[in-house]
Every structure is written in structure tokens, then in C-alpha cells.
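# Structure at a glance
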Amino acid sequence: MDHFFHLDATAQAALVKSGAVSPTELMEAAIARIEALNGSVNAVTLKCYEQARKQAQTASLPQNLTEAPFAGVPFLIKDLAAMKNLPVTYGSRLFAKNTAWHNEAIVARTLQAGFLIAGKTNTAEFGLLPTTEPMLFGPTRNPWNLEYSAGGSSGGAAAAVASGMVPVAQGGDGGGSIRIPASCCGLFGLKPSRGRTVPLMRKTAGDLAVNLCLSRSVRDSARFLQAAEISGRNAAYAPLGFVEGPSKRRLRIAYSTRNMLGSEAESEVKAALDDVAALCASLGHSVEEADIPVDGEAAVKHFVACWAAGPAKLLRYFWLMRLKTWFTGTHKDVLEPWTLELAEWYEREEQKSPGLIARAIAFFQAMQHTSDEFFSRYDVHLTPVLRRLPVRIGEFAPDTPFDDLLAACVDHITYTPLHNAMGTPAMSVPLSWSANGLPIGSQFAAQAGDERTLLELAYELEEARAWADKWPPVSAGAKEA
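The following refers to the structure shown.

The rules we used
Residues numbered from 1 in each chain as written. Predicted model: local features only at pLDDT ≥ 70, side-chain atom pairs only at ≥ 80, totals over all residues. Heavy atoms only, no water. Pairing = 2+ DSSP bridges. Helix = DSSP H or I, 4+ residues; strand = E, 2+ residues; numbered from the N terminus. Core = buried A, V, L, I, M, F, W, Y, C linked by side-chain atoms within 4.5 Å. Buried < 20%, exposed > 50% of the residue type's maximum accessible area, 1.4 Å probe, protein only. Contact = heavy atoms within 4.5 Å. Expected span 1.5 Å × (residues − 1). Axes fitted to C-alpha atoms, helices over the stretch in contact; angles between N-to-C directions. Parallel < 35°, antiparallel > 145°, perpendicular 65-115°, else oblique. Nonpolar A, V, L, I, M, F, W, Y, C, P; charged D, E, K, R; others polar.

Here two bridges tie strand 4 (residues 141-142) to strand 5 (residues 145-149), and the two strands are oriented antiparallel to one another. In the sheet register, Asn142 faces strand 5, and the bridge partner there is Asn145.

By size, the foremost hydrophobic cluster in this structure holds 140 residues, and its most contacted members are Trp307 and Phe444. Among the elements that make up this core, the one with the highest residue count is helix 9 (residues 296-316) (10 residues). Filtering out sequence-adjacent residues up to four positions away, Trp307 remains in contact with Leu128, Trp338, Leu342, Leu406, Cys409 and Ile413. Of all hydrophobic cores here, the second largest spans 11 residues; its members include Tyr90, Leu94, Leu314 and Leu335.

Here helix 16 (residues 451-464) is 14 residues long and its end C-alpha atoms lie 20 Å apart, about the 20 Å a rise of 1.5 Å per residue gives. In terms of residue burial, helix 16 counts as a mostly covered element, since 11 of its 14 residues are buried. Against strand 7 (188-191), helix 7 (218-228), helix 8 (267-282), strand 11 (380-384), strand 12 (426-433) and strand 13 (439-445) lie the buried residues of helix 16.

Before going further, it helps to examine the packing of helix 2 (residues 23-41) against helix 3 (residues 49-60). The N-to-C vectors of helix 2 and helix 3 enclose an angle of 160°; their axes lie 8 Å apart at closest approach. One way to sum up the angle between helix 2 and helix 3 is to call them roughly antiparallel. Each of Pro23, Thr24, Met27, Glu28, Ile31, Ile34 and Glu35 in helix 2 lies in contact with helix 3, whose residues at this interface are Tyr49, Ala52, Arg53, Ala56, Gln57, Ala59 and Ser60. Split into classes, the residues belonging to the contact of helix 2 with helix 3 amount to eight nonpolar, three polar and three charged.

Turning our attention to the environment of Ala209. For Ala209, the position within the fold is in the loop between strand 7 and strand 8 (210-215). Between the alpha carbons of Ala209 and His302 there is a distance of 15 Å; along the sequence they are 93 residues apart. With residues near it in sequence (within four places) discarded, Ala209 still touches Asp173, Gly174, Leu200 and Thr204.

From the geometry alone we can't say anything about function, so treat these as descriptive.
In C-alpha cells, the structure reads:
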């Protein structure tokens, strides 16, 4: 389709810096790819091409060329992040007419890094599901097979990057929302430690959510992490800087295919993880079966409480939301059944036993001590990202009966929320594919603050089992072939 789609963001920025290509050329190529591919996957829900073209023209002027790491590279923002003067819907019909009055911190850092924003990507309503099928915009489809979900809640970002619309896109992760779509779409996805990157505008209950990106290369995520880091007195950790490549250090890797409820991964996922464990051992790492000791049922209950607290708070202030969106109907007209029933679940549980969030936070703090003890014995924890392969469109639709959907979510995603609760960094690495051609991500986690170990390992795995040339059937790479 063009000469740029196969290049990661770092390589595209290098072309701009050398003068070999202009930001305008990169943006026009990205716009052409979005127009060619988005009708199939429904990844981009807001196109701000004219604004992007003006930004590209301004960035192309010699006096405006900067040393920013991604100067002139096209980018997409998830529609949970506010960008000044653009719509921010949170994937919800309630906010369909909402316009942001400011840039959220992650958007400000994105612009400082030199990215040019071409649009915004689809998300589950308020990021509350592990698939991306909002009633406002419809489902985002997996470029590897359009009958399957791209994952969620950053599914639009994942589908956009996997199909080659842009080389990297912003995402957020409050329970797996970067790692899950990365696994489903064959991408690299890193969830940083709690407190490593700039905070959300509004903290989630339990402070579970963080922002970063989905990328095709490890180095793009490593550079973006550097751009998004907190520094100074408010920093939870010393600045990491840019992690450049693999280390010669050999790691102690704990490995488990069972989730924290004790359920075994489905056969293809288990076989893929067994193979990845063998790959790590062949690279000289010490690999042994072990798992973080956690009361899984209690952890799930506390996580669901934090999950449901946001919708419950929203309903309490619905009258104010209605004023902001000029909507005259009721909450049932504009909020999805899943969102409403999560709120109702929370209110029932809070009435029965007040103090849900306080107990959840105390439990998660105790889990952090368990995590510290575990990672004193091991450098890395290897598990699946998901218990199953990517699910079909509709299996996790927001109008699915609540009890069925809650049980399905808990069964499917119980590997990822553990690291949001503990505040530990974790990444999905695209090392495996199923017999029918669907990606299977491997989750690697480390001690809080130790993104360096994960990134160095990711570089090594990227060299050992390169994925950059793997393109799904619906992609710029497939069309070029």
C-alpha cells in the first residue's frame, strides 16, 4: 500500500529526522491505510484528518523539526482518553455528544513525544469488558479473523496496529486491557507498574489502571514508556530511561498455566505456553513450575468490586451526566445492560456488607507483600494472558445475561487482573499462533518497578522468534503481498 506500513514508529521517526520523508507523507499514507482497512475491522471511531494534516504540515517546517523520539509519526488515541476539543465518548451513548476541554496527561505526553494524532479508537463502554463491542460504535473485529474479537478494552487500538493503520497506538490497562487485545491481535503490549507513568485524570477504585500503548516492536513500547514516565518528587520509581536491548543476564522464571482459581488453560493455550517455557529454557534461563500464592476466589471478588464501583458512582451522578450530554431520557436508554447491572451488583453487595472498596484495597496491599516475597525468589512469572483463544464476536456482548457474562469474564481473563491488583508490570508477547491462525500471547510479569527486566527479556524473545513480519489477512501487509 505504501513504503511505510511495515516500519515501526522508531524507524518512521528516523526517516523524518534524516529528511528522507516528511510528516505529511507519513500522515497521508496512514490516512490511506485507515480508509482502506477500517471498514473491515472498525478500529477507528473518530477521524480527525484535517487537524492531523495541519499538524503534519506544521511539523514538516524546518524550524519545527524536533528531537522528540516520535516526531512526525501518525498515532491513534483510545476513546477513554480526553484530547482537547475532540469528542471523548468513553464508548458510551451517554457521552456521544461530549467534547473534551483539555488534554489528559497521557495525551499531553504523546504530543510531547512528537506523535501526530490521526483519530481515536474504539473501546468497550468505560473499558468494562475484555472485548470491544460497544453499542455506540459496534464491534471491533480481529484482523486475523473477522469473526473473532480483537479483545478489549483497547481492542480498537490493537486492531489498528495489527492491521498496519499506524505502527503504535495508545491504550490503557485496568485489568488486562492492553495485554488482552495484544494477545488477541499478535502485538506487544506492556502494562507498566502502578505509579511508573503519568496518572489517569480520574483514578479507578483500587488505583488499578495505567496507560501506555500497543506496538509491533519492543523498542517502540520502550521509547513510549520513557516518554510517559513520571519524574521528580512524585515519581514512585527512579527513572527507567530507554531500555535499548537484551541483557546477558539469565533469569529465574516461574511458570504456570493455571489461573489463580486453579483452572487449567485450554489445550492450545497450554501447549503454546509449554513451548514458550521451553524456548526460555533453550535461551539459558532457569524455568520451573511455580505460581504466586493467592486466594483466588477472594481476589476475584475484590477485583469485581473495584470493577463495578465506577458504574455505581456514575449512576449516582447520572443527572449531572445528562446535563452534560443534552440527553433527556433515562439511564437505561444510554447505558449498556452490562454497565447498569455491574452498578446494581455493587449496590447490592455494598448494602449487604458496607466497605467493599476499603476491604479490596487492604487485600490488594497484602497481595503486594506476597508479590515481593515471590519475586525475591524469581525474576519473572510466566503465564498465559487468556485461558482460551480469542472469542467470537457476540460471545461477550454487553447485552449478554449478567450472570453468564460475569462468569465468562472471570473464567477468561483471570491471569491478567492479578498484576493490576499488585501494581506489578506485566507484558503480553506474541510468540504463538493457534492451528486456525489466531495469536496466543504469553504473559511475563516482574516485581513492581522492574520493567527493565521485562523489556530486556522481550528484546531477546523478539530476536529468537521474530513476529514483525507476521501480518494478518486483513492488513496493509496482506494487501501488499
